[in-house]
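# Coordinate analysis (summary)
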Amino acid sequence: MTRPFAGSGRLERALLAAVVAGWLIVIVSVLTRHLFVGHDSLSNTAHIWWISRRIWNGHGLPMHMPMLAGGRALAYPYAFIPWTSAALLRPLIGDWIITWWLVMGFLAVVYFVWRAFPELRRGWAFATVLLCPPLIMAVLVGQIPFLWGMALLFAAIDQWRRHRTWWASVLLGLAIGTHPAVVGPIALVLLAVYLFRCPSKRTLLIRVGIAL
């Protein structure tokens, strides 16, 4: 495994330090907001509020949101794991939970990329990861389902590379289920490309079938 910053020069380390410092400023700014307002954060807030209200009033998990789309909107179009866990904690923490879950999703993505791809731990490479536009936009817009789904996908890759195939199957299924419309296609493209170089194609296809 590649050691962190192995062979990195001073410029590499300075670049990575600058990028990390920039992210710290962004994350601290987000965490100071009781309600972090972005395009997707409003959607997350509405769904978490409704799910929490139904659960804590003794009505169980809701299937629909009658106040949207003439009563045809789903309470869970995706994001079952982050929304349900946030809904359960909302009475204790309040709307801070949405902000915390956004930051947690970002940190989980960064952590599992670090674990799954030791090849990227050098300064230039990991700075590039942190400057990835979808990652930046996901935080600024408040895309909790996308961040949690990608974190689970990278966790699945990490487990696969450690030859823990059953855990990889479970995590892959949770990743796709958390955001089927975006994380699902990303995962399937990655798997299709990897299939050509995978030494155990049968095992991979079985595990993907289980995940789906």
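The structure reproduced in this document is the subject of the present report. Being a predicted model, the structure only gives us computed values, none of them experimental. Sequence order sets the numbering: in each chain, residues are counted from 1 along the sequence as written. Predicted model: local features are reported for residues with pLDDT of at least 70 only, side-chain atom pairs are reported and counted for 80 or more only, and whole-chain, interface and lining totals are derived from all residues. Think of the side-chain values as coming from all heavy atoms in the structure, minus any hydrogens and water.

### Considerations on the packing of aromatic side chains
Ring pairs shown here join Phe, Tyr and Trp side chains whose ring centres sit within 6.5 Å, with only the six-membered ring taken for Trp; geometry is labelled stacked below 30 degrees between planes, edge-to-face above 60, and tilted in between. Following the criterion strictly, the structure yields 9 aromatic pairs and no others. Aromatic pair tryptophan 49 and tryptophan 50: ring centres 6.2 Å apart, planes at 40°, arrangement tilted. When a residue's accessible area, from a 1.4 Å probe over protein chains only, is under 20% of the maximum for its type it is buried; when over 50% it is exposed; and in between it is partly exposed. Judged by relative accessible area, which is 32%, tryptophan 49 ranks as partly exposed. Exposure remark for tryptophan 50: the relative accessible area of 9% places this residue in the buried category. Think of it as a cone above the ring: NZ of Lys or CZ of Arg counts as a charge over the ring if it is within 6 Å of the ring centre and within 35 degrees of the ring normal. The residue whose ring lies beneath arginine 207 is tryptophan 166, and the NZ or CZ to ring-centre distance is 4.1 Å.

### Digging into the layout of surface pockets
Computed over the protein atoms alone on a 1 Å grid, cavities are sets of points where a 1.4 Å probe fits but cannot get out and pockets are open sets with protein on both sides within 12 Å along at least five of seven lines; a residue lines them when it has an atom within 4 Å of a point. Grid points are joined across faces, edges and corners, and a volume is the space filled by probe spheres set on the points. Here the largest pocket defines a volume of roughly 590 Å³. In terms of lining, the largest pocket is formed by 23 residues, of which the most central are Ile157, Trp160, Arg161, Leu190 and Tyr194. Helix numbering and strand numbering both begin at the N terminus, where a helix is a DSSP run of H or I of at least 4 residues and a strand a DSSP run of E of at least 2. Of all the elements in the fold, those that place two or more residues in the lining of the largest pocket are α7 (144-161), α8 (165-178), α9 (183-195) and α10 (201-211). With 7 residues, α7 is the single largest residue contributor to the lining of the largest pocket. In terms of residue class, the lining of the largest pocket is built from 17 nonpolar, 2 polar and 4 charged. Approximately 240 Å³ is the volume found for the second largest pocket. Forming the walls of the second largest pocket are Val109, Val113, Phe117, Leu120, Val129, Cys132, Pro134, Leu135, Phe146, Leu147, Met150 and Phe154. Within the residue set of the lining of the second largest pocket, elements represented by two or more residues are α4 (96-116), α6 (133-141) and α7. Basically, the charged four are Asp, Glu, Lys and Arg, the nonpolar ten are Ala, Val, Leu, Ile, Met, Phe, Trp, Tyr, Cys and Pro, and anything else, Gly included, counts as polar. Along the lines of polarity and charge, the residues of the lining of the second largest pocket split into 12 nonpolar, no polar and no charged.

### Some words on helix α2 (residues 39-56)
Helix span is expected to be 1.5 Å times the residue number reduced by one. Compared with an ideal rise of 1.5 Å per residue, which puts 18 residues at 26 Å, α2 spans 27 Å between its outermost C-alpha atoms and is within 8% of the ideal. Of all the positions in α2, only Asp40, Ser41, Asn44, Thr45, His47, Ile48, Trp50, Ile51 and Ser52 are classed as buried. Any two residues whose heavy atoms approach within 4.5 Å at even a single point are treated as in contact. Residues of α2 that are buried sit in contact with β1 (64-65), β2 (73-74), α3 (80-93), α4, α6 and α7. Looking one or two residues past α2, glycine 58 carries a phi angle of roughly 85°, positive in sign.

### As for unusual backbone geometry
Notably, alanine 69 is not glycine yet its phi reads approximately 55°, a positive angle. Looking at where alanine 69 falls in the secondary structure, it is placed in the loop between β1 and β2. Despite not being glycine, histidine 163 shows a phi value in the positive range, around 65°. On the secondary structure map, histidine 163 appears in the loop between α7 and α8.

### Quick notes on the side chain of threonine 45
With respect to the secondary-structure elements, threonine 45 resides in helix α2. A polar atom in the side chain of threonine 45 sits 2.8 Å from the backbone oxygen of serine 41. For threonine 45, the residues in contact, after removing those within four places along its chain, are Leu35 and Ile98. Any pair of N or O atoms that falls within 3.5 Å is considered a polar contact. Within protein, one atom must be able to donate a hydrogen and the other to accept it, and sequence-neighbouring residues count only if both atoms are side-chain atoms.

### Re the nonpolar core
Core analysis: the biggest nonpolar cluster contains 57 residues, and Trp23, Phe106, Val109, Leu147 and Leu172 have the highest contact counts within it. Sorting elements by how many residues they give to this core places α7 first, with 12 residues. Beyond its immediate stretch of four places on either side in the chain, leucine 172 contacts Leu153, Ala156, Ala187, Leu191, Val208 and Ala211. We define the nonpolar core as a collection of buried residues of types Ala, Val, Leu, Ile, Met, Phe, Trp, Tyr and Cys that are connected through side-chain atoms lying within 4.5 Å of one another.

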